[in-house]
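If you want the building blocks of each chain, they are given just below.
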Amino acid sequence: MTQADNIDAYASETGAAIDAAASLDEIEKIRVAALGRSGTVTQWMKSLGTLPKDERAAAGARFNQLRAGIEEKLAAAAQKFEAAALAARLATERVDVTLPVKSEIAGRIHPISQTIAEVVAIFGEMGFRVAEGPHIEDDFYNFTALNIPPEHPARQEHDTFYFPESAEGHRRLLRTHTSPVQIRTMLAQQPPIRIIVPGRTFRSDHDATHSPMFHQVEGLVIDESTHMGQLKGCLIDFCRAFFGIDHLPVRFRASYFPFTEPSAEVDIGCSRAGGELKIGAGADWLEILGCGMVNPKVLEYGGIDPAKYQGFAFGMGVERIAMLKYGIPDLRTFYDSDLRWLRHYGFLPLDVPSMVGGL
Ligand code: DAH
């Protein structure tokens, strides 16, 4: 048998094997056996150098032809199997659009976030912008510049968390209220100032009505003609908008804060008949925030001329107003991370007001 007969026999054998192959795997095995690194055709091509010179060109051409023929048959067979596999997948993976959708578990917005968003939206409509400040403060911003000098009794009342003293004798602290942002804002910009400051605050205190970390919203307005009437109007409007009661009774009761003069506490009308608290009805009062005209000493610490400018400020506890509005009885539950509680008291994302949409 000549070499040419051999090649013809191999070509038709391989062609028959390809025709008989039942899968892509088998096709691949045939390819490796013929064209792989130690496959028959590859070996033959490698042996070209051992042939007499005058036979090499013709033999080379035969081998190339053989290889091309096999490659072509392999490709056609592989394509046939791939098309069949695709058709099978398309038949089984059909989507039934009439099936009911699997319900997703939607997350909830925490009542603290919801309440802050509501407060910000109300003051946002009155032209306030949001300002923020650091949780780690120093004595100057948290106390001194707010007219609470080192020996002032208010310092004791704040149950401050202090950091260890630095080598220079400097003691940093966790801010006990959002009021230091008043000073930071005054030092950063001249009036007119109209800011609202939501944020975390910290005091070493823990019981049913106190948590070592809690939230406040501070407000500050400073301009040349800012007066007490504006303070009252602004806070009455806020209370009515926040509790959603048009004629909610609101009263200002004289009080004391070192950073305001005069100072007042704001009470809203409520009833406690039968041990049940109802906001907006009855003859009782419930305290909800502190406020006053910014003490001229505080303006001075903030680099603002008290002969030219006056301001008002207010501060409120977010947990407290959230508990009142949403009937949440225990402060500690805010931080338990109990999903059942969150599902009950939490809000769907679409219920959260934005500055764009308002309330
Ligand atoms: N910083 C006060 C506190 O934590 C709350 C407060 C009262 C802030 C009156 C004010 C204000 O700006 O005018 O108890």
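Coordinates for the structure precede this section.
Our subject in this report is the structure included herewith. (Residues numbered from 1 in each chain as written. Predicted model: local features only at pLDDT ≥ 70, side-chain atom pairs only at ≥ 80, totals over all residues. Heavy atoms only, no water.)

**Here we look at the site of the ligand**
Moving on, step 1. Around the ligand sit 15 residues in total, of which His-177, Ser-179, Arg-203, Gln-216 and Glu-218 are the nearest.
Moving on, step 2. Here Gln-182 contributes a side-chain N or O atom positioned 3.2 Å from an oxygen atom of the ligand.
Moving on, step 3. Backbone polar atom of Phe-314 to an oxygen atom of the ligand: 3.3 Å apart, as the coordinates give it.
Moving on, step 4. Notes on the ligand: free accessible area 350 Å², of which the protein chains cover 89%.
Moving on, step 5. When residues of the shell around the ligand are traced back to their parent elements, those giving at least two are β5 (213–223), β9 (284–294) and β10 (310–317).
Moving on, step 6. Here the residues of the shell around the ligand are counted per class, giving five nonpolar, eight polar and two charged. (Near = heavy atom within 4 Å. Polar contact = N/O pair within 3.5 Å; in protein donor to acceptor, adjacent residues only side chain to side chain. Areas by Shrake-Rupley, 256 points an atom, 1.4 Å probe, with all protein chains shown as cover. Helix = DSSP H or I, 4+ residues; strand = E, 2+ residues; numbered from the N terminus. Nonpolar A, V, L, I, M, F, W, Y, C, P; charged D, E, K, R; others polar.)

**Examining unusual backbone geometry**
What is expected of a backbone is that most residues other than glycine have negative phi and most peptide bonds are trans.
Moving on, step 1. Residues Pro-191 and Pro-192 are joined by a peptide bond in cis, for which omega reads 5°.
Moving on, step 2. As for its placement among the helices and strands, Pro-192 is situated in the loop between α8 (180–188) and β4 (193–202).
Moving on, step 3. Glu-261 connects to Pro-262 through a cis peptide bond whose omega is -5°.
Moving on, step 4. Positionally, Pro-262 belongs in strand β7 (residues 260–271).
Moving on, step 5. Even without glycine at this site, Asn-147 takes up a positive phi of about 65°.
Moving on, step 6. Its place among the elements puts Asn-147 in the loop between α6 (139–142) and α7 (153–157).
Moving on, step 7. You can call Asn-147 buried: its relative accessible area is 14%. (Buried < 20%, exposed > 50% of the residue type's maximum accessible area, 1.4 Å probe, protein only.)

**Digging into the pairing of β10**
Consecutive side chains of a regular strand alternate in pointing toward one face of the sheet and then the other.
Moving on, step 1. As judged from the eight bridges shared by β5 and β10, these two strands associate in the antiparallel manner. Bridge pairing links Val-217 to Met-316 in β10.
Moving on, step 2. Note that β9 and β10 share five bridges and pair antiparallel. Counted as the bridge partner of Leu-289 is Met-316 from β10. (Pairing = 2+ DSSP bridges.)

**Remarks on the pattern of salt bridges**
Moving on, step 1. All chains considered together, the criterion is met by 14 salt bridges.
Moving on, step 2. Salt-bridge contacts for Lys-73 lead to Asp-19; the nearest nitrogen and oxygen are separated by 3.2 Å. Of the two residues, Lys-73 sits in helix α4 (residues 53–92) while Asp-19 sits in helix α1 (residues 3–20), which places them 54 residues apart along the sequence.
Moving on, step 3. For Lys-73, a relative accessible area of 33% corresponds to the partly exposed category.
Moving on, step 4. A salt bridge links Asp-284 to Arg-272; the nearest nitrogen and oxygen atoms lie 3.4 Å apart. (Salt bridge = Lys/Arg side-chain N within 4 Å of Asp/Glu carboxyl O.)

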